[in-house]
Amino acid sequence: MPSFNQSIFHPAVFYLTGIPGFETYHAWLSIPFCCLYAIAISGNGMILFVILTESSLHEPMYYFLSMLSFTDLGLCFSTLVTVLCIFWFNAREISFDACIGQMFFIHGFTFMESSVLLAMAFDRFIAICNPLRYATILTSSRIIKVGFAIVIRGTTALVPLLLLLKRLSFCRSHVLHHSYCFHPDVMKLSCTDTKINSAFGLAIVISTAGIDFVLILLSYVLIIHSVLSIASPEERKKAFGTCVSHISAVAIFYIPMISLSLVHRFGKHAPPLVHTLIANVYLLIPPVMNPIIYSVKTKQIRKAMLKIFFSKLI
């Protein structure tokens, strides 16, 4: 264990954490992590490739799905190096500036994914509640503008947040609870006043993911109201069926994120293993599960994947 200077200073490095209590098994534990990263990268990469190459999928719903896959790939690549270096080489050190950079990408892609899920909810709302105007509302130019807005919204608020973090001084142990840099985790190690950082961080979360979640719920209230007014049971089932994949994606994104936030805010005395496990679930489950859900539940994606697979095989 490295020795730490306890005087107040700006740290040269932080020390990331693998799986507490299982350090001797890190080489073996890297196998499931490698498999999860491989599934996430190959699955999301495949969905992006299929949507770009198949003209039948050049529709608003699939453009938004490609944005979701892009953000999931961004999340995976943001943490791939630090996670696997810990398991393979016990390389736990990360410089303060590199930690800031990693936080920018992790939180940026997280907020972008939340915005994409909101855009997908709006897509389902228009498709079900106002189908006759679907093509005129969600034009290609508007989808491009939405994409740019998602990127700008997901990144601009992070700049002042991370600049505020750089002004802090650190005098405690520089060991983080996760295998990657996470803003609340780094902030806890500061020995100076972090009230402004906490308030600003909470405001960003509420104004992005919080508002997105409320609007997604509202959109589904309106969708359910519209679907229940349909007389035919078959049409109701078909309408609900188009939303199953998106509802699943929303659940696997927000549940781990809310769980991790609650653990950081109220789980000060929770075992380190709890922090690590929830952090890894938050990091890996959405990128792994999203391509599986959409390839299984979305007939058009599944058919396009099988078409490409068998054409390459032949």
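Residues numbered from 1 in each chain as written. Predicted model: local features only at pLDDT ≥ 70, side-chain atom pairs only at ≥ 80, totals over all residues. Heavy atoms only, no water.

The name recorded for the protein in an unreviewed UniProt entry is Olfactory receptor, from Neovison vison. Within the UniProt record for the protein, the comment given under Function (unreviewed entry) is "Putative odorant or sperm cell receptor." As stated in UniProt under Sequence similarities (unreviewed entry), the record for the protein gives "Belongs to the G-protein coupled receptor 1 family." (UniProt positions renumbered as here; feature names shortened; annotations may be inferred.)

1. A closer look at the overall build of the protein
In terms of regular secondary structure, the protein is built from twelve helices and two strands. Considered along the principal axes of its C-alpha atoms, the protein spans approximately 70 × 50 × 35 Å. Out of the 314 residues in the protein, the part that is buried amounts to 46%. Carbon and sulfur atoms make up 72% of the accessible area of the protein, which totals about 15700 Å². (Helix = DSSP H or I, 4+ residues; strand = E, 2+ residues; numbered from the N terminus. Buried < 20%, exposed > 50% of the residue type's maximum accessible area, 1.4 Å probe, protein only. Areas by Shrake-Rupley, 256 points an atom, 1.4 Å probe, with all protein chains shown as cover.)

2. Focus: the packing of aromatic side chains
Applying the stated criterion across every chain yields a total of eleven aromatic pairs. Between the aromatic rings of W88 and F89, the centroid separation amounts to 6.2 Å while the plane-to-plane angle is 80°, which identifies the pairing as edge-to-face. For W88, a relative accessible area of 46% gives the class partly exposed. Classification of F89 by relative accessible area gives exposed; the value is 60%. (Phe/Tyr/Trp six-rings, centres within 6.5 Å; stacked < 30°, edge-to-face > 60°.)

3. Section: a nonpolar patch on the surface
Taken together, the side chains of I211, L215, L218, V221 and L222 make up a nonpolar region of the molecular surface, amounting to roughly 410 Å² of accessible area. Assignment of secondary structure puts V221 in helix α8 (residues 195-228). (Patch = residues over 30% accessible without salt bridge, like charges linked within 9 Å, V, L, I, M, F, W, Y side chains within 5 Å. Salt bridge = Lys/Arg side-chain N within 4 Å of Asp/Glu carboxyl O.)

4. Remarks on the confidence of the model for the protein
Per-residue pLDDT for the protein averages 90, and the proportion of residues at 70 or more is 95%. The low-confidence segment residues 1-8 (pLDDT under 50) makes 17 contacts with residues lying over four places distant or belonging to another chain. (pLDDT = per-residue confidence, 0-100. Contact = heavy atoms within 4.5 Å.)

5. Things to note about the environment of Y294
With respect to the element layout, Y294 can be found in helix α11 (residues 272-297). Using a relative accessible area of 3% as the deciding quantity, one classes Y294 as buried. Between the C-alpha atoms of Y294 and S245, which are 49 residues apart in sequence, the distance is 6.0 Å. If near-sequence neighbours (up to four positions away) are discounted, Y294 is found in contact with I47, L65, L68, M120, S245, H246, A249 and I301.

6. Re the pattern of salt bridges
For the structure shown, the criterion picks out four salt bridges. In this structure, the salt-bridge partner of K166 is D97, at a minimum N-O distance of 3.3 Å. With K166 in helix α6 (residues 158-166) and D97 in helix α3 (residues 96-129), the pair connects residues that are 69 residues apart, well separated along the chain. With its nearest N and O atoms 2.9 Å apart, the salt bridge here joins R153 to D212. Here D212 lies in helix α8 and R153 lies in helix α5 (residues 140-156), a separation of 59 residues in the sequence.

7. Some remarks on the state of the cysteines
Under the counting rule described, the total for this entry stands at one disulfide. Sulfur-sulfur distance for the disulfide between C99 and C181 comes to 2.0 Å. As the torsion about the S-S bond is roughly -125°, the C99-C181 disulfide counts as left-handed. Taken together, the positions of C99 in helix α3 and C181 in the loop between α6 and α7 (183-188) put the pair 82 residues apart, joining distant regions of the chain. (Disulfide = S-S within 2.5 Å.)

8. Some points on the packing of α6 against α8
Axis separation between α6 and α8 bottoms out at 10 Å; the angle between their running directions is 160°. With respect to each other, α6 and α8 are oriented roughly antiparallel. Of the two possible hands of crossing, α6 and α8 adopt the one that is left-handed. Residues P160, L161, L164 and L165 of α6 lie in contact with α8, whose contacting residues are I196, N197, F200, G201 and I204. Considered class by class, the residues forming the contact of α6 with α8 number seven nonpolar, two polar and no charged. (Axes fitted to C-alpha atoms, helices over the stretch in contact; angles between N-to-C directions. Parallel < 35°, antiparallel > 145°, perpendicular 65-115°, else oblique. Left-handed = near helix turned anticlockwise from the far one by under 90°. Nonpolar A, V, L, I, M, F, W, Y, C, P; charged D, E, K, R; others polar.)

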